[in-house]
Structures are given as structure tokens and as C-alpha cells.
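So you can see what is in the structure, the chains are spelled out below.
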Amino acid sequence: MRVVVCLKQVIDPLTPASTLALDQTEKKIRVGIAAPPVINGFDEQGLEAALRLRETNKDIEIVCLAAGERFNNDVMKRSLAVGADQLILVQDPSLDTWDPYPIASALAATIRHIGGADLILCGRQGSDWDNALTPYILADLLEMPLLTLAKRVNITDGQRVEIERVLADGSMMMNAALPALVTVTSELGVLRMPSVSARLTAARKKPRQIALAELSVVAATAHAPEVVDLAIPVTGRSCTFIEAADGPGAGSRLAEILLQSGAIRLGGEC
Amino acid sequence: MTGILIVAEVDAGELRPEFWELVTVAKSLSATVPGGMSIAVIGANVDAAARQAAGIGAAALHVIDDDRLANPWPEAHATALIRLCGELTPKMVIAPRTILGAEMAARLAVRCRWQLVQDVTQIEATADGGLKGLRSVSGGAVAATVRAGPGPWVVVPRPRAFAPAEIGMTADSIAPVRHAFEPPPLATACEAPKRVAIEGISVDRAKTVIAGGGGLGGPGPFALLREIADLVGGAVGASRVAVDSGWVQPAMQVGLTGKTIAPDLYIAVGISGAIQHLVGCSSSQVIVAVNSDASAPIFGVANYGVVGDWKEVMPAFRDALAGGTA
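Rules behind the numbers
- Residues numbered from 1 in each chain as written.
- Chains lettered and ligands numbered in written order.
- Predicted model: local features only at pLDDT ≥ 70, side-chain atom pairs only at ≥ 80, totals over all residues.
- Helix = DSSP H or I, 4+ residues; strand = E, 2+ residues; numbered from the N terminus.
- Buried ≥ 20, exposed ≤ 12 C-beta atoms within 10 Å, placed from the backbone.
- Contact = placed C-beta atoms within 7 Å.
- Rg over C-alpha atoms; globule rule 2.2 N^0.38 Å.
- Domains from an automatic or database assignment.
- Nonpolar A, V, L, I, M, F, W, Y, C, P; charged D, E, K, R; others polar.
- Core = buried A, V, L, I, M, F, W, Y, C linked by C-beta atoms within 7 Å.
- Pairing = 2+ DSSP bridges.
- Axes fitted to C-alpha atoms, helices over the stretch in contact; angles between N-to-C directions.
- Right-handed = clockwise from strand over helix to strand, strands pointing away.
- pLDDT = per-residue confidence, 0-100.
- Parallel < 35°, antiparallel > 145°, perpendicular 65-115°, else oblique.
- Left-handed = near helix turned anticlockwise from the far one by under 90°.

Peer 1: So what's going on with the overall build of chain A? Which residues, and what values?
Peer 2: The helix and strand tally for chain A stands at seven helices and 15 strands. The C-alpha extent of chain A, read off along each of the three principal axes, is 70 × 45 × 45 Å. Here chain A holds 270 residues, and the buried ones make up 46% of them. The contacts in chain A between residues at least 6 apart in sequence include a share of 70% that link residues at least 24 apart.

What follows is the structure in C-alpha cells.
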């Protein structure tokens, strides 16, 4: 059984906003300092879901797949270090885009090129553009059932995938026949750490490179709205720091200020 | 002819409050999108909610009421909406950014290849017949102006970014147009949700929210936040770190992948203020931050800050409030 995990290389979301550089010509977000990119955190959780599935389904082959302009191989090879069997990178300048349609088209073509997948796992959204659309387009292009926001993923009888879907006030069990696409959410848990020896072994492995031209990519006919301007938002707030001799003093002073300003009205709501 | 179709989401028989924000968006665009405002209500036993929604003076009220739509089953609800849109051919669909609404919007947009204008805090029609919107990307670090082509469009406004329309009741109530739910075989199946009872007031309805993050170090200190919330009639919230660590339930999460809230007062305790958290709370009227790290980004959006250990600050804060009630 083949599980394909889609990974996206993104700017580290912990990069301070002050170091972001906006390219207004290309409408791209760049990092102004030499900070390495990361694998999109939600996608890493998709990989963790695949690794957990393999613990109980030994015949699972885990293929990680990423489509983008260019990759930091050391960053992407973390997927091999934690246990993925294969890493496929599809690189093309046209894939440096906010538009999920060309990305999903490239992913769909690659999955067809390698002979398909029984299960595709994606993160719920990319932390760069927050569109959360690629999985929807990919499932549509491959005509696969789509289950989203999984915090738990199981394969039942090798035939169906069952997930626990997160809701605002609880959860819901859902299932679909394989092949299917599942998106995972952060409640699933973080990606395990690779052992030192696994990291060294992975360092010697090479990702499989596939050029976009080798794939029969059906050009996207639809596009996401175009980004026409980027800006760093300003909050317009300035913080008044509470000065006091010690912690408890600051706590009571804070209560006093909030009561005086009317921000807190005791005696309940309204 | 249908101009704007507003998706009115019904949860356990009740019209979700985001509906009134969608009406504000629809009204602001109705001058440039001819065909009037219509409403789509999809679910099971939705008549009372549908009547309430129709009070906005809608041109038409479309109802798909079927027991198979009782659960928040994304594929079933989306299929019902996609088929309705096939019949009505609206120029614009406006859906709420709830877990179900956002998924219906995405499925509709992708299946019909319509442009999805999502998470917008501002939106307007452009002179060339398109739409222009403002939204945050990269977890809120960057504001992007996006432009969509000639439509049809699926618009998903950011919660709390638009003032809710007045809950009006027009004199003439319109008769609902009932549509049968006759889907093709669906590829997914679901069971009834397991709902977790929320302790106290929900974070997205409270006027005061006191939230805890990774700095609290575990689930225990949330009891102190609960005491303070009870004193001021507020709710307890949490950052993603606290939720992903399993300290508190996901319903309490504030942020990009949690709830977007805009209370009168937001008190962040031990929350560093990762961008993805700030995007969920930055519309609060007054923000207070308590954190031991003076360089924590949360202070950049706060009105009042205390640099200190919450273990020392918060018990005194509670006692001062408790003393105030006496």
C-alpha cells in the first residue's frame, strides 16, 4: 500500500515579521536574513500520521512529494530521516506561486506518473499563503474522496480510511473507501524526532528529482485570485507597561487600572 | 436571476451568528451585483432558522431540509450547495468561515472553478467588474490585497471583520422555495458528532477572554484563569501550544486555526504571541499581556503589559478583583 505525503517548503513561520522582505514586483514574501526554510508544519503532521499508520500496517510504503521552485535538500531530507521511504522533488520556476492550481496540477501529475497512491496525506493548509485549497484541487483532479481536519487516521481492513475530524466543539468520525485524500490538523501531534543514526543515513540518500517537463501536467484552467499588493500590517497600539515593585504589586496595579478604565466591570456580563 | 446567495449555516437548529456579518458584506456589494440577495439554508429541521434569516428582506429563501443533512457532513452539505448553485447560477456566494462553511465554500469553488475570495477583512467591487479584497497571509504577518476576475465568486469573510447587520424582521415574510436533496452517491460517510460540553461561556461569545499559553507549563494553572474569568463573567481561551500539548480542549483555541475573536477585553497570560495567535485576537478592544519575556511579540499588540512571572502576578490580580466585589 502506498501512502503519498505532500510536503511544502515554506518560510519558517517563527521568522520575526521585522525580517520579512516583500518583493512588490513579483508579489512574493522573502526572508531578509539567512534563515533556512522549513517543511510546512501541518504537512509534517501529515507525515507523522503516515508513520503512525505504518506502525500497524507494515506493508505501507511512504512517499513524500513536494512541488516548488527550488528546495533546501537538507530541510526536505528530514522526511527521510524520520522514516519516509522515498522523497520526490518536482522543481520548476513556475511553481513559486501563491496560486494552488499549478501546484495541485503538478502534484496530481506526479502521483499519476509514479503509478498512483492508495492514500494521500496533506496538511490542512500552508503556513505561507493560508489558502487551504491545494488538497481540495488535488482530490478533485484525481477524483478521490476527500476527508479533512483529521486528528486521527486509521486504515480499516486495507480498504477504507477512517478519520476523527476536529469540530469547533468536539469531533466526528468519518470514513471513505481507498484511494482517498486526507488532510490533517495540528491536534494530531508533532512530527517525531529522527535518531542521530537515521539522520546520518538520510544525509547520504538523494531525493528523486522529476522535472515538470517529464510529467504530463494538464495546465490549470482556473486560478486563485491574484495578489496585487503586499504590506506588513501595523497594529497602531502602544503598550503601557505596568510598573511595580514586584509581581504581586503589578498584578493588583493591573486590576486597579482595568477597573478604573472600565475595561473590567465586575458583577458579570453586559 | 440570483445575484448574491448567502449561505445561512444552522447548527443544532440555531442560525449561526456569523450570518449577520455575511448580510453586511452582501449589502455593501448589492449595488454592483445585480439580482438581489437570496438565502440558502441547508440542514435538517431548519425552518425556524430559515424564517429568522429571511427577515433581512431577501429576494428569495431557498431551503434544503433533509435528515441526511443533520450532521455537519462536509461532502453532503457541499453537494447540496453545488446543486443549488447549478440551478440558481448566482453571481456570488457568501459563506461563513466556520469549519463547515469554509469547507463548503472551498468545495464549491474548486468543483465549479469559481474564484474563492477568502478570509477577507475588506471587499469591494472594482470598476472593471472584478472584486478586490484585503486579507492576511503568512499567519497574519503580511496583509495581501487580492483581485479576482469577473466571477462568479465565492466570498468567505473573516469572522468579526464586518459588523453584524441589524437583526431585522420585515413585515412580509417570503415563502421558502424548497429543493429536494437528491445527491449522487457520496464518497464519504460520517457518524454523529461527539460534542464536548464547554465549561462556562464560549470564547467567541464572551466580552472578556482570559487566555493561557505555553508559558503556563501545564493544564493546572488554567484553574486560576477560570477563577478570574468567573469573577468578570468571561471565558477562558488558549493558544495553539496549550491545545496541541493536550492541556485544554480545542474549542478554547484562539488563533488562525482556532477561533477569531473580538472581545472588549483580552488578557493573554504566558502567550508569546506567535503571529498565528495574534491573528485570532488582534481585533479585541483592549489587549493585556502578562509575560516574563519583555521581547515577546504579544507586547507589540497590547494596550497594557506586565513583564513578570504569571505565578506572582495573576494570584494578586485575582485577589484584587475579588476584593473589588466585596
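Peer 1: Any chance you could break down the overall build of chain B for me, citing the residues and the numbers?
Peer 2: In terms of regular secondary structure, chain B is built from eight helices and 18 strands. Taking 20 Å as the expected radius of gyration for a compact globule of 326 residues, we find that chain B reaches 21 Å, a close match to that expectation. Dimensions of chain B, computed from the C-alpha atoms along their principal axes, are close to 65 × 45 × 45 Å. Relative to its full complement of 326 residues, chain B shows a buried share of 57%. The contacts of chain B with a sequence gap of at least 6 include a subset with a gap of at least 24, amounting to 64%.

Peer 1: I'd love a proper account of the domain arrangement of chain B, names of residues and values included.
Peer 2: Residue and element names in this part refer to chain B. Domain boundaries assigned for chain B yield domain 1 (4-178) and domain 2 (208-325). Placing a centre on the C-alpha atoms of domain 1 and another on those of domain 2 gives a separation of 32 Å. Residues of the side of domain 1 that touches domain 2, tallied by class, amount to two nonpolar, three polar and two charged.

Peer 1: Can you lay out the environment of Tyr136(A) for me, pointing to particular residues and giving the numbers?
Peer 2: As for its placement among the helices and strands, Tyr136(A) is situated in helix H5 (residues 134-142). Taking the C-alpha atoms as reference, Tyr136(A) lies 20 Å from Arg2(A); in sequence the two are 134 residues apart. Ignoring any residue separated from it by four or fewer positions in sequence, one finds Tyr136(A) in contact with Leu146(A), Ala106(B), Arg107(B) and Val110(B).

Peer 1: I'd love a proper account of unusual backbone geometry, names of residues and values included.
Peer 2: What is expected of a backbone is that most residues other than glycine have negative phi and most peptide bonds are trans. The linkage connecting Leu178(A) with the following residue, Pro179(A), adopts the cis geometry, with an omega of 0 degrees. Looking at where Pro179(A) falls in the secondary structure, it is placed in the loop between strand E11 (170-177) and strand E12 (180-184). Cis geometry marks the peptide bond from Gly151(B) to Pro152(B), where omega comes out at 0 degrees. One non-glycine residue with positive phi stands out, namely Asn45(B), at about 55 degrees. Turning to its location among the elements, Asn45(B) is positioned in the loop between strand E4 (37-43) and helix H2 (47-54).

Peer 1: Tell me what's going on with the nonpolar core, and back it up with residues and numbers.
Peer 2: If you look at the biggest cluster of nonpolar residues, it comprises 203 residues, and the most contacted ones within it are Val182(A), Ile6(B), Ala8(B), Val41(B), Ile94(B), Val154(B) and Val269(B). Looking at which element gives the most residues to this core, the answer is helix H4 (residues 100-113) of chain A, with eight residues. When sequence neighbours within four positions are dropped, the list of residues in contact with Val182(A) reads Leu119(A), Leu121(A), Leu147(A), Ala150(A), Val153(A), Val161(A) and Ile163(A).

Peer 1: So what's going on with the interface of chain A and chain B? Residues and values would help.
Peer 2: On the chain B side, the residues contacting the 66 residues of chain A number 75 residues. When contributions to the side of chain A that touches chain B are tallied by element, the ones reaching two or more residues are strand E3 (20-23), H5, strand E9 (146-156), strand E10 (160-167), E11, strand E14 (226-231), strand E15 (240-241) and helix H7 (247-260) of chain A. Taken together, the residues of the side of chain A that touches chain B break down into 41 nonpolar, 14 polar and 11 charged.

Peer 1: Tell me about the sheet that holds strand E7 (residues 115-125) of chain B, and please be specific about residues and values.
Peer 2: Ordered in space as E14(A)-E9(B)-E8(B)-E7(B)-E10(B)-E6(B)-E1(B)-E4(B)-E5(B)-E11(B), the 10 strands form an open sheet in which the pairing is mixed. Edge positions in the open sheet fall to E14 of chain A together with strand E11 (177-178) of chain B, since each of these has one partner strand only. When E7(B) meets strand E10 (residues 153-157) of chain B, the two strands line up parallel, connected through five bridges. Following the sheet pairing, Val117(B) is matched in E10(B) by Val155(B). Contacts from helix H3 (residues 74-88) of chain B reach strand E1 (4-8), E4, strand E5 (60-65) and strand E6 (92-94) of chain B, with the element oriented near 150 degrees to E4(B).

Peer 1: Which residues make up the pairing of strand E14 (residues 208-212) of chain B, and what values go with them?
Peer 2: Residues and elements named next belong to chain B. Burial runs high along E14: five of the five residues are buried. Alternating residues of E14 divide into Thr208, Ile210 and Gly212 and Val209 and Ala211, and every residue in both groups is buried. Here E14 pairs with strand E16 (residues 265-269) via five bridges, running parallel. Bridged to Thr208 within E16 is Leu265. Strand direction decides the pairing type here: E14 and strand E15 (residues 235-238), joined by four bridges, are parallel. Opposite Ile210, over in E15, you have Val236 as the bridge partner. One crossover worth recording links E14 to the parallel E15 by way of helix H5 (residues 222-232), and it is right-handed.

Peer 1: Quick one: what's the story with the sheet that holds E14(B), residue by residue and with numbers?
Peer 2: If you walk across this open sheet you meet the six strands as E15(A)-E18(B)-E17(B)-E16(B)-E14(B)-E15(B), and the pairing is parallel. Taken across any chain shown, the strands that pair with only one partner, and hence form the sheet edges, are E15 of chain A together with E15 of chain B. Here five bridges tie E16(B) to strand E17 (residues 286-291) of chain B, and the two strands are oriented parallel to one another. Paired with Ala268(B) across the two strands is Ala289(B), which belongs to E17(B). Packed onto the sheet, H5(B) meets E14, E15 and E16 of chain B and runs at close to 175 degrees relative to E14(B).

Peer 1: How would you sum up the domain arrangement of chain A? Please name residues and give values.
Peer 2: Partitioning chain A into domains gives domain 1 (2-214) and domain 2 (239-270). Placing the centre of domain 1 of chain A and that of domain 2 of chain A at their C-alpha centroids yields a distance of 45 Å.

Peer 1: Mind laying out H5(B), listing which residues take part and the relevant values?
Peer 2: For an α-helix, 3.6 residues make a turn, and residues three or four places apart therefore share a direction. Of all the positions in H5(B), only Phe222(B), Leu224(B), Leu225(B), Ile228(B), Ala229(B), Leu231(B) and Val232(B) are classed as buried. Two residues or fewer past H5(B), Gly233(B) is found with a positive phi of approximately 70 degrees.

Peer 1: Give a description of the confidence of the model for chain B that names residues and reports values.
Peer 2: Mean pLDDT over chain B: 93, with 98% of residues reaching 70 or higher. Across the assembled chains, the prediction reports ipTM 0.93 with pTM 0.91.

Peer 1: For the packing of H3(B) against helix H4 (residues 99-112) of chain B, give the residues involved together with the corresponding values.
Peer 2: Residues and elements named next belong to chain B. Contact pair H3 / H4: the axes reach a minimum separation of 9 Å and the direction vectors enclose 50 degrees. The angle between H3 and H4 places the two elements in the oblique class. Handedness of the H3/H4 crossing: right-handed. Every residue of H4 that contacts H3 at Pro74, His77, Ala78, Leu81, Ile82 and Cys85 is listed here: Leu100, Glu103, Met104, Arg107, Leu108, Arg111 and Cys112. For the contact of H3 with H4, the per-class residue count stands at nine nonpolar, one polar and three charged.

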